[in-house]
Amino acid sequence: MAPKREKIKNESDPSLGFGLKNEPSEPINATDMEKTAKCIYWFRKALRLHDNPSLMHAIQKSQYIYPIFILDPWFVQKAKVGPNRWRFLLQSLNDLNEQLIRKNSRLILIRGNPSAVFAEKIKEWDINLICFETDTEPYAKLRDQEITKIATELNVKVETKYGHTLYNPDYVYKKNNEKIPLQYQSFVGALAKIGDPPKPIDEPSNVFNKLEIDYDLYKIPDLVSIGIDPSACGPLLFPGGETEALRRLEDKFKNESWICSFEKPNTSPNSLAPSTTVLSPYLKFGCLSARKFYWRLKQVYAKRKHSMPPVSLEGQLLFREFFYYVGAFTPNFNKIEGNPVCRQIKWDDKPEYVKAWKEARTGFPFIDAIMTQLRTEGWIHHLARHAVACFLTRGDLYCSWEKGQEVFEEYLLDQDWSLNAANWMWLSASAFFHQYFRVYSPIGFGKKTDENGDYIRKYIPVLKTFPAKYIFEPWTAPLEVQKRHNCVIGKDYPRPIVDHNVISKINISRMKKAYEESKLVSTDDGDDKKSRPTSSKSTKNPPKSEKTSPDTRPPSKKSKN
DNA sequence: CCAGAAGTTGCTACG
DNA sequence: GCGTAGCAACTTCTG
């Protein structure tokens, strides 16, 4: 059963192809490819068969393919991954295994440190080729360098393809004269000059040659065996896996007028059912190819009038692209210190604030409802992320965005290194966005799309019967109303942690000061003009105004809406 | 180099 | 109910 040759379809513009400049760049040409290799194909992201260039490459070069996924015990113990995302990952792996079984293959799940795994398996399986998809995240780059070194020492080739984003970031970097725009529009403009991203390729049509291995040794674990209590998971709203990803994609595309009229700012952060696609977790793990989504959109756009970036669905994919791009070329992108695009702001260190925010005890029902949905379900609307991120940082609590980033990292199904960091910098007005005086109201913002507070009722049951008039600011309800609805503020539900109307004004002036100070540092710096908002040195000279501790006491009853 | 425009989606008061 | 001005005024990018 010799596998049939694969041919890459739709590779219209070779210059846009999947090849990287540091690897064999000849276009894939199946006719003169000798399929002699014994290859480990290493799944990390891209947990899919469709539009998987690096997997396709492996297939074209190899006689035998060992499709592996490595579960690093260190990662299992140390990583900030909540139960819901573990469940999503394991489901995705199980689905991937099902897809491979269709191809006469199976997923080989190995528990161990990647270096040790490769050192062992290269010899055990007599491997002479390793293929995987490139990854732009710093920890992944280091890991992959190490594996490449080990492989090279053992005379094993390593061949990779990009595949996680629409465009190859290295290619865009070169075409854009190594410039890294910090505004969405200029990035989109740069892409427009480059042209369309590659079209997706089909899943492999052949079946894999049978391996002589004992699959019982390489089973996908369940939650319990990696130390996760399944009862800690929330309701299963978004099952993991490629099958579900493609089903969900097509389900959304059934309503073409919805697809074409999509405008992100007009979707609701607090509807009871998601008002957006919720394809983000599938994009994050690569269960869904971004190019597949993109070209599916283009197909529908071609037929009718449609919304445009930045608000359209295409615009959302381009934001993902933008943040991946900046993240790939910016040192310390997920940190304040040493991050050249991040404004150096001295946030307050108030662990009790961060804790209250994380545990949905801020006393603002809209904020607490969002944080509850986040913790229990693993997904919240983008604008809901705006509201709680602004609240934690520049709007109300003036805590570091790094703390919020950690919490999102733990809870979000779609937690994505570049996107999480970029969005936190955006919302805290540390990068990309600078109009710090535009502050979301933790009371008013949610009212616009949920007048009755049904979202709050769902996620904060203690307020279930509270009158709509008071539900966004229950501390303003007369005591007898609170009693009648069995929710006395300060007893059954917390008092608000700050007086938003007071603190938000104080924080705007603190932000103004922080901006002025970071401006000073960068002009000091002489020729360091490239790294705009300051260097990390600014931590050295804390301004004396630093500890002006603003009044953060809870408001009295007269706070208005 | 400089001026002006634009920037994914704020809030409140007011007509 | 909706559009708009005022709020105080930021940075990046373009021409």
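What counts, and where the lines are drawn
- Residues numbered from 1 in each chain as written.
- Chains lettered and ligands numbered in written order.
- Predicted model: local features only at pLDDT ≥ 70, side-chain atom pairs only at ≥ 80, totals over all residues.
- Heavy atoms only, no water.
- UniProt positions renumbered as here; feature names shortened; annotations may be inferred.
- Helix = DSSP H or I, 4+ residues; strand = E, 2+ residues; numbered from the N terminus.
- Buried < 20%, exposed > 50% of the residue type's maximum accessible area, 1.4 Å probe, protein only.
- Pairing = 2+ DSSP bridges.
- Right-handed = clockwise from strand over helix to strand, strands pointing away.
- Near = heavy atom within 4 Å.
- Polar contact = N/O pair within 3.5 Å; in protein donor to acceptor, adjacent residues only side chain to side chain.
- Nonpolar A, V, L, I, M, F, W, Y, C, P; charged D, E, K, R; others polar.
- Axes fitted to C-alpha atoms, helices over the stretch in contact; angles between N-to-C directions.
- Salt bridge = Lys/Arg side-chain N within 4 Å of Asp/Glu carboxyl O.
- Expected span 1.5 Å × (residues − 1).
- Contact = heavy atoms within 4.5 Å.
- Phe/Tyr/Trp six-rings, centres within 6.5 Å; stacked < 30°, edge-to-face > 60°.
- Lys NZ or Arg CZ within 6 Å of the ring centre and 35° of its normal.

With an unreviewed UniProt entry as reference, chain A is termed 6-4 photolyase, source organism Brachionus plicatilis. Turning to chain A, the UniProt annotation filed under Sequence similarities (unreviewed entry) states: "Belongs to the DNA photolyase class-1 family."

(A) Highlighting the UniProt feature "domain: Photolyase/cryptochrome alpha/beta" (unreviewed entry) in chain A. Mapped onto the present numbering, the UniProt feature "domain: Photolyase/cryptochrome alpha/beta" (unreviewed entry) falls on residues 37–166. End C-alpha atoms of residues 37–166 are separated by 29 Å, and the span's content is 48% helix alongside 24% strand.

(B) Examining the pairing of strand 1 (residues 37–43) more closely. With six of seven residues buried, strand 1 is to be regarded as a mostly interior element. Of the strand pairs in this sheet, strand 1 and strand 2 (residues 62–71) are connected by seven bridges, and their pairing is parallel. Residue C39 lies in a different strand from strand 2, and its bridge partner there is I65. With helix 1 (residues 53–61) bridging strand 1 and its parallel neighbour strand 2, the resulting β-α-β unit is right-handed.

(C) Expanded view of the protein's contact with DNA strand B. What surrounds DNA strand B is a group of 20 residues, the closest being P265, H382, H386, S441 and K448. Counting only atoms of DNA strand B within 4 Å of the protein, the fraction found in sugar and phosphate groups is 44%. A distance of 3.4 Å separates a base oxygen of DNA strand B from a polar backbone atom of P310. A distance of 2.9 Å is found between a phosphate oxygen of DNA strand B and a backbone nitrogen or oxygen belonging to S441. A class-by-class count of the residues in the surface near DNA strand B yields eight nonpolar, eight polar and four charged.

(D) Here's a closer look at unusual backbone geometry. Going from P309 to P310, the amide bond is cis rather than trans, its omega being 5°. On the secondary structure map, P310 appears in the loop between helix 11 (290–301) and helix 12 (313–329). Unusually for a residue other than glycine, N155 sits at a positive phi of about 65°. Residue placement: N155 occurs in the loop between helix 5 (138–153) and strand 5 (157–161).

(E) Looking closely at the sheet that holds strand 3 (residues 108–111). Ordered by their spatial adjacency, five strands build an open sheet running 3-2-1-4-5, and the pairing between neighbours is parallel. Each edge of the open sheet is held by one strand with a lone partner, namely strand 3 and strand 5. The sheet shows a mean angle of 30° between the axes of neighbouring strands, direction not considered.

(F) Expanded view of the pattern of salt bridges. The full count for this structure, using the stated rule, is 26 salt bridges. A salt bridge links R510 to D348, with the nearest nitrogen and oxygen atoms 2.8 Å apart. With R510 in helix 21 (residues 500–524) and D348 in the loop between helix 12 and helix 13 (351–358), this residue pair connects regions lying 162 residues apart in the sequence. The same class applies to R510 and to D348, which are both buried. A salt bridge links K491 to D492, with the nearest nitrogen and oxygen atoms 3.7 Å apart. A residue is classified by how much of its surface remains accessible, and D492, at 32% relative accessible area, is partly exposed.

(G) Structural context of helix 14 (residues 365–377). Taking 1.5 Å of rise per residue, the 13 residues of helix 14 would be expected to cover 18 Å, and the 17 Å separating its terminal C-alpha atoms lies within 8% of that figure. Helix 14 sits mainly inside the fold: eleven of its 13 residues count as buried. Restricting attention to buried positions, one finds in helix 14 the residues P365, F366, I367, D368, A369, I370, M371, T372, Q373, L374 and E377. Where helix 14 is buried, its residues meet helix 3 (83–102), helix 13, helix 15 (382–395), helix 16 (401–411), helix 18 (444–447) and helix 19 (454–459). G378 occupies a position one or two residues after helix 14 and carries a positive phi of about 85°.

(H) Layout of the packing of aromatic side chains. One pass over the full model with this rule turns up 39 aromatic pairs. With centroids separated by 5.5 Å and ring planes inclined at 75°, the aromatic side chains of F322 and F432 adopt a geometry described as edge-to-face. Of this pair, F322 sits in helix 12 while F432 sits in the loop between helix 17 (417–427) and helix 18; the two residues are 110 residues apart in sequence, bridging distant segments of the chain. For the residue pair F322 and F432, the accessibility class agrees, reading buried in each case. Site record: aromatic cluster; members linked through ring pairs are Y173, Y184, F187, F319, F322, F323, Y325, F329, W426, F432 and F433. Stacked on the ring of W42, the Lys or Arg R44 has its end atom at 4.6 Å from the ring centre. The ring centre of Y515 lies 3.8 Å from the NZ or CZ of R343, which sits over that ring.

(I) Representation of the side chain of H485 within the structure. Looking at the secondary structure, you find H485 in the loop between helix 20 (479–484) and helix 21. At 2.9 Å, the side chain of H485 forms a polar contact with the backbone oxygen of T465. Setting aside its immediate chain neighbours within four residues, H485 contacts V462, T465, F466 and P467.

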